[in-house]
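Descriptive analysis of the structure
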Amino acid sequence: MSVLERGGSPLSDDLAKQISEIYEAYYNDIYYFLVYFTDKQEDAEDLTQEVFSRLLKALPQYDGRVAMRTWLFSIAKHVAIDHYRKMKWQRLFSDNWLIRMMTKEGLPEPELEMKEEMRLIKEALQKLKPQLRIVVILRYIEEYSVKETAEILSIPETKVRVDCHRALQTLRKLLGQSIEGGIINGIAR
Amino acid sequence: MGLPDEEDQLISKLRQIKQEAKPPRPEWKQIGKERLIRQARTVRWKRRITHVSAYVGTIGAAALMGIWLSSGQVAEQANLSESQASSAQEKSEFLPAALYQEPELGKLPPSVAPTEQPAVSHEAAAGAESARSNVPTDQAEPVANVDSEPQTTTRAERIMTPLEKRAQHFLQEKLGEESNYYEIDPGHSRETEGYIAFRKLVHGIPLQQHSAAVEVNPHTGKMSLLLYPIEENGVGTTASSEQSSVIDKTKAAQELASGLRLVYAGKERPVLQYMSDPQLVIDAKTGKRLANSQGEKRVAPIKTEGKRLIITDADKAEAVMKKEFGIPVSGKAFMTIDEKAISFIWQMSDKREARLKTADDGSFVGYSLDGSFELGGKPLSSLQQAQDAALVRLAKYLPSDVEEVLVEKALQERGQATFTFVPLYQGVPVVDYPYFVAVDMGSGTVTAIQGDFSRGSFALPSHDNAISLDEAKEQFVKKAPLELVYLNSQSDPVLVYQVRLDSRKPWAIDALTGKTTD
């Protein structure tokens with residue numbers, strides 16, 4: 001047992017059980033955060049696994065001073081950004097990316113307008129810089145408070161507010177470029 | 001930004017993404033969980049092995065320490081007697097060590113200061129002049145004076161590994177000047193896994209708890225920083241008064257010396273060492289030992305058989321599980337093979353899993369069970385009963401010349417008792433051969449056993465020529481690098497003295513020569 005564990009870590013023993021309990025308790029939270037971030041179920045599942053895997057390595061040192069959810073989200077943030085960097089390069093050489101770029105121009109049937117609208121919002125979200133995207137996900141999709149978001153991201157509340165402002169502004173611009181007319185255009189006007 | 005209602009509309013649309021998101025697939029979630037549990041077991045075992053077995057000396061560090069000492073640049077940490085502590089307080093109010101260094105060194109945190117010019121800690125600075133005159137220039141030369149100061153050189157004498165340098169640089173990049181308040185914590189780093197731990201300095205005193213870590217992906221080289229917010233309330237706020245009332249460091253060293261024990265250390269060729277107890281800490285105010293959560297180590301007699309099991313294929317593995325251990329595995333085992341081990345894994349109904357592990361030569365290393373295995377045992381009512389059950393299973397496979405084991409660790413938690421036993425060879429613990437056994441209290445089943453069962457016997461050098469414990473203690477008092485840290489236990493942080501860990505190895509001296517083993 002390490003000196004740290006000697007310090008009273010509530011999670012110093014029975015690692016398999018502990019990680020298993022944490023996994024059950026927080027899997028969905030982390031998965032949804034990452035699925036919003038990547039917009040891909042498979043990627044989100046892989047990255048969620050990576051988050052818990054990273055957590056496992058540091059878990060014996062966990063002493064309960066930081067809420068587990070906060071800790072997990074801070075790891076998820078790093079994992080998401082790492083993924084973004086990796087994908088950025090892959091996209092440059094990916095045929096699929098080109099196909100995706102082309103298909104977005106396809107016009108939807110009227111009854112699919114709502115879906116198309118959502119698709120465009122999701123697409124715009126994916127175009128945000130990762131740091132801004134994370135703030136938007138936490139604040140507006142996960143609906144965390146400014147304080148909670150600041151805590152998760154380890155940044156001041158003022159920065160959360162500024163980033164939110166910038167992110168919304170950017171989203172509106174992106175949506176404005178994406179489509180003409182309809183609700184989206186209304187939003188983006 | 002546009003009009004507020006436009007913003008609200010956009011936010012409202014963003015919220016709808018929640019309804020659109022695909023839920024996680026249960027089968028993937030389950031697979032992920034199983035994978036994680038397996039990983040947890042591996043991590044846990046690796047940590048245990050690393051912790052107990054990593055005692056091989058780092059000769060280079062010792063040599064550098066010698067060079068550094070002989071260069072006369074050492075600043076032995078001052079004895080924090082009241083007068084000196086007051087002096088330090090006047091000077092610095094316990095400023096972080098980095099701020100107390102020479103200007104060019106001050107740019108770097110203590111842990112990254114160039115090794116050629118070791119940083120001088122605040123404590124060292126407080127009494128550097130007097131300390132210098134007391135420091136022997138040749139560390140290898142035995143000094144008879146037991147009252148001489150324990151060695152208290154700073155971490156800067158350690159040469160950082162390339163990975164530590166990268167991690168330090170990354171931390172500086174991310175935290176800027178704030179990184180000056182962190183130092184590398186080699187005692188809790190796991191370099192082979194790309195994990196470099198840092199601890200925070202509060203008023204120049206390290207907080208002995210997790211503060212930050214840099215992870216370096218061994219495959220891609222990518223780095224990430226794990227930064228844990230630290231609740232500093234109550235830590236260091238009364239640093240000055242606390243530190244002025246700490247006990248004399250020599251007294252602390254004498255108390256810590258009581259944790260020394262003679263051991264055989266090393267895996268291939270175990271050698272005799274007097275090893276310090278890394279769990280032992282001394283309350284810096286009262287001079288008393290702080291309670292050890294693991295309890296006292298006890299010796300238990302054991303009648304060993306030295307049976308060797310060699311498992312070469314899946315059929316043999318199945319036969320061993322059924323006949324040797326009475327574990328009813330079913331279905332074909334799948335195998336995982338890495339450089340040093342082979343695992344046979346049976347995944348059965350009701351999420352039960354059995355795993356048998358061997359070394360690459362087929363020697364039995366251990367097995368573990370997950371899930372409910374009804375093996376006809378009886379519930380156990382005490383830790384002692386569980387220990388008896390564990391020893392019965394262990395006895396058959398331990399080397400035949402082992403007659404006693406040391407119960408290094410015994411814990412009962414969540415219906416399971418776990419033990420770490422270390423064999424005693426002629427009464428001396430062979431610390432790099434730990435054996436781990438887990439027992440289910442509800443059924444009395446031994447659910448896991450693991451260790452090196454490849455030896456039929458130990459043939460180790462006699463300890464007749466070892467120096468006496470008193471001599472070892474004397475060396476310890478003179479040479480052991482003590483440090484003051486805040487230990488954040490369940491209650492308020494406590495200022496303690498401990499033996500500084502410059503690696504994951506406990507401080508030790510060669511029991512034949514009396515020299516420090518690094």
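Look up a bit, the structure's there.
Residues numbered from 1 in each chain as written. Chains lettered and ligands numbered in written order. Predicted model: local features only at pLDDT ≥ 70, side-chain atom pairs only at ≥ 80, totals over all residues.

Observations regarding the overall build of chain B
Scanning chain B for helices and strands turns up 13 helices and 22 strands. Here chain B holds 518 residues, and 45% of them are scored as buried. Taking the contacts inside chain B whose residues are at least 6 apart along the sequence as the reference set, 65% of them involve residues at least 24 apart. (Helix = DSSP H or I, 4+ residues; strand = E, 2+ residues; numbered from the N terminus. Buried ≥ 20, exposed ≤ 12 C-beta atoms within 10 Å, placed from the backbone. Contact = placed C-beta atoms within 7 Å.)

Points about the overall build of chain A
Summing up its helical and strand segments, chain A has 10 helices and zero strands in all. Looking at the 189 residues of chain A, the share that counts as buried comes to 42%. For chain A, contacts bridging at least 24 residues in sequence account for 64% of all contacts bridging at least 6.

A few points about the environment of B:Ala317
All names here are of chain B. With respect to the element layout, Ala317 can be found in helix H11 (residues 314–324). The class for Ala317 is buried, based on 27 C-beta atoms found within 10 Å. Taking the C-alpha atoms as reference points, Ala317 and Leu356, separated by 39 residues in sequence, lie 7.2 Å from one another. Among residues more than four places away in sequence, those in contact with Ala317 are Ile311, Ala333, Phe344 and Leu356.

Regarding helix H3 (residues 41–58) of chain A
Between its first and last C-alpha, H3(A) extends 26 Å over 18 residues, near the 26 Å set by a 1.5 Å rise per residue. Taken residue by residue, H3(A) has A:Ala44, A:Glu45, A:Leu47, A:Thr48, A:Gln49, A:Glu50, A:Val51, A:Phe52, A:Leu55, A:Leu56 and A:Lys57 as its buried positions. (Expected span 1.5 Å × (residues − 1).)

Quick notes on the environment of A:Cys164
Residues and elements named next belong to chain A. Inspection of the secondary structure puts Cys164 in helix H9 (residues 157–178). Overall, the presence of 20 C-beta atoms within 10 Å leaves Cys164 in the buried class. C-alpha of Cys164 to C-alpha of Tyr140: the two residues are 24 residues apart in sequence and 9.0 Å apart in space. With sequence-adjacent residues up to four places away left out, Cys164 is seen in contact with Val135 and Arg139.

A short note on the nonpolar core
Counting 157 residues, the largest nonpolar core has A:Leu34, A:Ala76, B:Leu256, B:Val437 and B:Val439 as its most contacted members. No other element matches the 14 residues that helix H2 (residues 15–38) of chain A contributes to this core. Those residues in contact with B:Leu256, other than ones at most four positions away along the chain, are B:Ser276, B:Leu280, B:Ile282, B:Ala480, B:Leu482, B:Tyr497 and B:Val499. (Core = buried A, V, L, I, M, F, W, Y, C linked by C-beta atoms within 7 Å.)

Focus on H2(A)
An α-helix turns once every 3.6 residues. As a result, residues three or four positions apart point the same way. Residue and element names in this part refer to chain A. For H2, with 24 residues, the first-to-last C-alpha span of 30 Å runs short of the 34 Å given by 1.5 Å per residue. Along its length, H2 shows its largest kink, about 55°, at Tyr26. In the stretch just after H2, Asp39 is the one whose phi turns positive, near 60°. (Bend = angle between axes of the 7 residues up to and from the residue.)

Structural notes on the pairing of strand E10 (residues 334–337) of chain B
Where a strand is regular, its side chains alternate between the two sheet faces. All names here are of chain B. Across four bridges, E10 lies against strand E11 (residues 341–348) in antiparallel orientation. Within E11, the residue paired with Phe334 across the bridge is Ile345. If you look at the hairpin formed by E10 and E11, you'll find three residues sitting between the two strands. (Pairing = 2+ DSSP bridges.)

Topic: the packing of H2(A) against H3(A)
Residue and element names in this part refer to chain A. Interhelical geometry of H2 versus H3 gives an angle of 135° and a closest axis separation of 8 Å. As the angle between them shows, H2 and H3 are arranged oblique. Between H2 and H3 lies a crossing whose hand is right-handed. Contacts from Ile19, Tyr23, Tyr27, Ile30, Tyr31, Leu34, Val35 and Thr38 of H2 reach H3 at Gln41, Asp43, Ala44, Glu45, Leu47, Thr48, Val51, Phe52 and Leu56. Tallied by class, residues from the contact of H2 with H3 come to 12 nonpolar, three polar and two charged. (Axes fitted to C-alpha atoms, helices over the stretch in contact; angles between N-to-C directions. Parallel < 35°, antiparallel > 145°, perpendicular 65-115°, else oblique. Left-handed = near helix turned anticlockwise from the far one by under 90°. Nonpolar A, V, L, I, M, F, W, Y, C, P; charged D, E, K, R; others polar.)

A short note on the pairing of strand E5 (residues 223–227) of chain B
All names here are of chain B. Pairing analysis gives five bridges linking strand E4 (residues 212–216) to E5, with the strands arranged antiparallel. Residue pairing in the sheet places Val214 in a bridge with Leu225 of E5. Between E4 and E5, which pair antiparallel one after the other, the connecting turn spans six residues, and Gly221 there sits at a positive phi close to 80°.

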